[in-house]
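Take a look at the letters that make up each chain.
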Protein chains: 2
Amino acid sequence: MNPKSLPDKTIERLSQYRRNLLICLSQGKHHIFSHEIAQIHHITPVQVRRDLMLIGYSGTLRKGYDVRELIDLIGKILDTEQGLKVAIVGVGNLGRALIGYFSGKRSKLNIVAGFDNNPDKIGKIYAGVHCFSSEKMSEIIVQEGISIAIITVPAENATSVAEQLVMAGIRGILNFSPKPLNVPPHVYLEEIDMITSLEKVAFYVKKHL
Amino acid sequence: MNPKSLPDKTIERLSQYRRNLLICLSQGKHHIFSHEIAQIHHITPVQVRRDLMLIGYSGTLRKGYDVRELIDLIGKILDTEQGLKVAIVGVGNLGRALIGYFSGKRSKLNIVAGFDNNPDKIGKIYAGVHCFSSEKMSEIIVQEGISIAIITVPAENATSVAEQLVMAGIRGILNFSPKPLNVPPHVYLEEIDMITSLEKVAFYVKKHL
DNA sequence: TTCACATTGTTATTATAATAACAATAATAA
DNA sequence: TTATTATTGTTATTATAATAACAATGTGAA
Ligand SMILES: NC(=O)c1ccc[n+]([C@@H]2O[C@H](COP(=O)([O-])OP(=O)(O)OC[C@H]3O[C@@H](n4cnc5c(N)ncnc54)[C@H](O)[C@@H]3O)[C@@H](O)[C@H]2O)c1
Ligand SMILES: NC(=O)c1ccc[n+]([C@@H]2O[C@H](COP(=O)([O-])OP(=O)(O)OC[C@H]3O[C@@H](n4cnc5c(N)ncnc54)[C@H](O)[C@@H]3O)[C@@H](O)[C@H]2O)c1
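Residues numbered from 1 in each chain as written. Chains lettered and ligands numbered in written order. Predicted model: local features only at pLDDT ≥ 70, side-chain atom pairs only at ≥ 80, totals over all residues. Heavy atoms only, no water.

### Comments concerning the sheet that holds strand S7 (residues 146-151) of chain B
Residue and element names in this part refer to chain B.
Moving on, step 1. Spatially, the 7 strands line up as an open sheet ordered S5-S6-S4-S3-S7-S8-S9, and their pairing is mixed. Each edge of the sheet is formed by a strand with only one pairing partner; in this case those strands are strand S5 (125-126) and strand S9 (188-191).
Moving on, step 2. In the sheet, strand S3 (residues 84-89) pairs with strand S4 (residues 109-116) via 6 bridges, with the strands oriented parallel. Paired with Val86 across the strands is Ile111, a residue of S4. (Pairing = 2+ DSSP bridges. Helix = DSSP H or I, 4+ residues; strand = E, 2+ residues; numbered from the N terminus.)

This is how it looks when you write it as structure tokens:
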């Protein structure tokens with residue numbers, strides 16, 4: 001029940017379980033077995049039960065898990081009650097795609113601002129998200145109490161943007177630029193490196209060629 | 001020297017090393033120490049040396065590693081000589097951003113086709129990449145010898161698209177849809193789940209709040 | 001009632017990755 | 001020349017994650 005000690009990979013899977021449990025619920029499915037959850041995610045039932053054990057959730061023998069209860073428990077672990085505010089820095093091709101994708105989806109994670117240094121973009125609204133000048137970034141982050149930032153600026157500006165974000169009090173960063181970033185320990189950093197992902201696919205394709 | 005046995009994480013780092021080594025080279029830096037590579041990626045020098053040991057590369061004592069040689073060796077491991085062809089299925093917001101991002105960058109991984117089922121998009125060219133009807137997908141994949149596919153269709157269509165791709169002989173898939181896919185063992189699958197990544201950031205932010 | 005068994009929950013083992021410890025050596029300084 | 005040191009290369013240890021083994025138990029069939 002102590003979320004401080006949950007394995008990283010379990011956190012990832014909880015997020016995925018929840019998404020698909022919500023779909024189950026919407027289809028009128030109220031109970032689910034570990035092997036059913038496993039099948040959806042292409043993992044083993046043991047892995048599922050172990051994850052649920054770690055979060056202290058018990059199912060009913062021969063009846064499985066209560067979908068609603070499980071969704072709620074995962075929410076208690078992953079979400080904060082009031083939700084967290086998110087900003088996107090760099091409203092370019094990827095930034096705009098992400099705004100469209102994320103905004104309105106998660107009730108507990110709201111994109112409340114975009115920042116860009118291109119005058120053409122400043123003042124515009126994308127999928128309901130206002131794009132501000134990056135000069136006002138620190139100010140707005142503090143004012144609005146934004147705690148998470150998504151970095152989608154070109155690689156050459158990613159380092160300085162990250163520094164500004166840290167200075168402004170951001171607590172978590174999701175970095176899409178291929179530039180490795182360095183942040184102090186109190187800031188959580190997650191990097192999505194699509195070039196590496198694609199090259200990895202290529203490597204394994206080559207291997208099995 | 002046997003690339004069959006390289007750890008997955010080493011493969012990822014090799015891709016990243018190479019990218020930054022190319023930048024070093026372009027800046028006229030011809031030799032580099034393990035602690036310099038480490039600093040760029042915010043890892044330990046030991047990790048770097050271990051990776052290089054695993055690929056059988058030796059540096060020179062007190063002089064470090066030859067940047068050019070290292071880049072070439074990583075290329076020998078990650079790339080195929082003739083390169084591999086890549087297709088993007090789903091030329092929507094994300095698909096188009098990716099086309100713009102990837103095309104023309106990597107000489108050994110070329111996006112040679114896009115596929116969509118929306119008539120408005122079929123026949124159009126995005127950043128030099130022709131968008132074809134998804135009905136012609138199998139045909140063109142076989143014809144062109146495309147071995148890698150990037151899936152950027154809506155979740156509800158991801159499963160059927162993946163099946164078609166496997167049937168057409170695709171050997172590696174990079175899936176951006178949040179739908180977990182199932183592919184036979186001879187097809188390598190890499191999934192990028194941005195919702196999970198963002199929720200993970202939120203979890204750790206909450207934890208340290 | 002009793003037994004079989006489907007399913008959960010937990011512990012033990014193994015696999016993978018990261019870190020630490022240390023051995024080797026060539027360049028430099030004394 | 002010899003000692004020092006910066007740096008590489010390798011082995012040993014520890015940490016993390018996945019898998020396997022198995023114990024527990026309520027349900028329903030016989
Ligand atoms: N496009 C993709 O599909 C894709 C995929 C993977 C990674 N990336 C990475 O994401 C980043 C953005 O890619 P993109 O294709 O959207 O590029 P883009 O050029 O379309 O967008 C970048 C945006 O950032 C803005 N910007 C630049 N410097 C800034 C600063 N200091 N502060 C605020 N805004 C600033 C620019 O004005 C522009 O709007 C890059 O680092 C790229 O490597 C992109
Ligand atoms: N937009 C993002 O930033 C983002 C981020 C993460 C994940 N994703 C995922 O990527 C996928 C695409 O997102 P998007 O925002 O680009 O959506 P989108 O609606 O803009 O694009 C989807 C495209 O796929 C095409 N399509 C639909 N069914 C198809 C089929 N069977 N064959 C071929 N083409 C088909 C549509 O015509 C459309 O052009 C979704 O699964 C989404 O969950 C998107």
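Still to come is the rest of the account.
### What about the domain arrangement of chain A?
Moving on, step 1. For chain A, the assigned domains read domain 1 (3-76) and domain 2 (84-196).
Moving on, step 2. Domain 1 of chain A and domain 2 of chain A are separated by 31 Å when their C-alpha centres are compared. (Domains from an automatic or database assignment.)

### Thoughts on the side chain of Lys121(B)
Residues and elements named next belong to chain B.
Moving on, step 1. Mapped onto the elements of the fold, Lys121 is located in the loop between S4 and S5.
Moving on, step 2. One buried charged residue, Lys121, remains without a salt bridge, the closest side chain of opposite sign being Asp116 at 4.4 Å.
Moving on, step 3. A distance of 3.4 Å separates a polar atom in the side chain of Lys121 from the backbone oxygen of Val91.
Moving on, step 4. Once residues lying within four places of it in the same chain are set aside, the contact partners of Lys121 are Val91, Gly92, Arg96, Asp116, Tyr126 and Cys131. (Buried < 20%, exposed > 50% of the residue type's maximum accessible area, 1.4 Å probe, protein only. Lys, Arg positive; Asp, Glu negative; His and termini not counted. Salt bridge = Lys/Arg side-chain N within 4 Å of Asp/Glu carboxyl O. Polar contact = N/O pair within 3.5 Å; in protein donor to acceptor, adjacent residues only side chain to side chain. Contact = heavy atoms within 4.5 Å.)

### Brief notes about the nonpolar core
Moving on, step 1. In terms of nonpolar packing, the biggest core is built from 98 residues, with Met194(A) and Met194(B) touching the most fellow members.
Moving on, step 2. Those residues within four positions of Met194(B) in sequence are excluded, and the remaining contacts are Leu98(A), Phe102(A), Phe176(A), Ile192(A), Met194(A), Leu94(B) and Phe176(B).
Moving on, step 3. Within the second largest apolar cluster, 23 residues are counted, among which are Val89(A), Ile146(A), Ile173(A) and Val183(A). (Core = buried A, V, L, I, M, F, W, Y, C linked by side-chain atoms within 4.5 Å.)

### Remarks on helix H6 (residues 137-144) of chain B
Residues and elements named next belong to chain B.
Moving on, step 1. Where H6 is concerned, the buried positions are Met137, Ile140 and Ile141. Across the axial projection of H6, the buried residues extend over an arc of 105°, all falling on one side. Facing away from the buried side of H6, by more than 90 degrees, are the exposed residues Val142 and Gln143.
Moving on, step 2. The positive-phi residue at the C-terminal boundary of H6 is Gly145, with phi of around 70°. (Arc of directions from axis to C-beta.)

### Quick notes on the sheet that holds strand S7 (residues 146-151) of chain A
All names here are of chain A.
Moving on, step 1. One open sheet holds the 7 strands; their spatial order is S5-S6-S4-S3-S7-S8-S9, and the pairing between them is mixed. This sheet does not close on itself; its edge strands, each paired only once, are strand S5 (125-126) and strand S9 (188-191).
Moving on, step 2. Taken together, the 5 bridges between strand S3 (residues 84-89) and S7 define a ladder with parallel strand orientation. Following the sheet pairing, Ile88 is matched in S7 by Ile150.
Moving on, step 3. Taken strand by strand, helix H7 (residues 155-168) contacts S3, S7 and strand S8 (172-175), and its axis lies near 175° from that of S7. (Axes fitted to C-alpha atoms, helices over the stretch in contact; angles between N-to-C directions.)

### Topic: the environment of Met167(B)
Moving on, step 1. Mapping Met167(B) onto the fold places it in helix H7 (residues 155-168).
Moving on, step 2. Taking C-alpha positions, Met167(B) is 18 Å from Val153(B), a pair spaced 14 residues apart along the chain.

### Structural notes on the packing of helix H1 (residues 8-26) of chain A against helix H8 (residues 194-207) of chain B
Think of two packed helices as two axes; the pair is described by the angle between the axes and how far apart they sit.
Moving on, step 1. Packing of H1(A) against H8(B) leaves a shortest axis separation of 9 Å and a crossing angle of 125°. By the angle class used here, H1(A) and H8(B) are oblique. H1(A) and H8(B) meet at a crossing whose hand is right-handed. Touching Asp8(A), Ile11(A), Glu12(A), Ser15(A), Gln16(A), Arg18(A) and Arg19(A) of H1(A) are Ile195(B), Thr196(B), Glu199(B), Lys200(B), Phe203(B) and Tyr204(B), all from H8(B).
Moving on, step 2. Class assignment for the residues of the contact of H1(A) with H8(B) results in 4 nonpolar, 3 polar and 6 charged. (Parallel < 35°, antiparallel > 145°, perpendicular 65-115°, else oblique. Left-handed = near helix turned anticlockwise from the far one by under 90°. Nonpolar A, V, L, I, M, F, W, Y, C, P; charged D, E, K, R; others polar.)

### Some thoughts on the site of ligand 2
Moving on, step 1. Taken together, 24 residues surround ligand 2, and among them Leu94(B), Asp116(B), Lys121(B), Val153(B) and Asn157(B) come closest.
Moving on, step 2. In this structure, ligand 2 is bordered by residues of chains A and B.
Moving on, step 3. One of the side-chain N or O atoms of Lys121(B) is found 2.7 Å from an oxygen atom in ligand 2.
Moving on, step 4. At a threshold of 2 Å from the grid points, most atoms of ligand 2 map onto the second largest pocket.
Moving on, step 5. Secondary-structure elements contributing two or more residues to the shell around ligand 2 are helix H5 (93-102) of chain A together with helix H5 (93-102), S4 and H7 of chain B.
Moving on, step 6. Residues of the shell around ligand 2, tallied by class, amount to 13 nonpolar, 9 polar and 2 charged. (Near = heavy atom within 4 Å. 1 Å grid on protein atoms, 1.4 Å probe; cavity = no way out; pocket = protein on both sides within 12 Å on 5 of 7 lines; lining within 4 Å. Sits in = over half its atoms within 2 Å of the grid points.)

### Quick look at the interface of chain B and chain A
Moving on, step 1. Taken together, the contact pairs 58 residues of chain B with 58 residues of chain A.
Moving on, step 2. Where chain B abuts chain A, roughly 5,900 Å² becomes buried across the two surfaces, and 66% of that area is made up of carbon and sulfur atoms.
Moving on, step 3. When the buried surface of chain B facing chain A is broken down by residue, Leu198(B), Glu199(B) and Lys200(B) rank first, second and third, together holding 12% of it.
Moving on, step 4. The salt bridge involving Lys200(B) is made with Asp8(A); its shortest N-O contact spans 3.2 Å.
Moving on, step 5. At the surface where chain B touches chain A, the tally comes to 28 residue pairs in polar contact (both at pLDDT 80 or more).
Moving on, step 6. Within the residue set of the side of chain B that touches chain A, elements represented by two or more residues are helix H1 (8-26), helix H2 (34-41), helix H4 (67-78), H5, S7, strand S8 (172-175), S9 and H8 of chain B.
Moving on, step 7. The element best represented in the side of chain B that touches chain A is H8(B), accounting for 14 residues. (Buried area = accessible area lost by both parts, 1.4 Å probe.)

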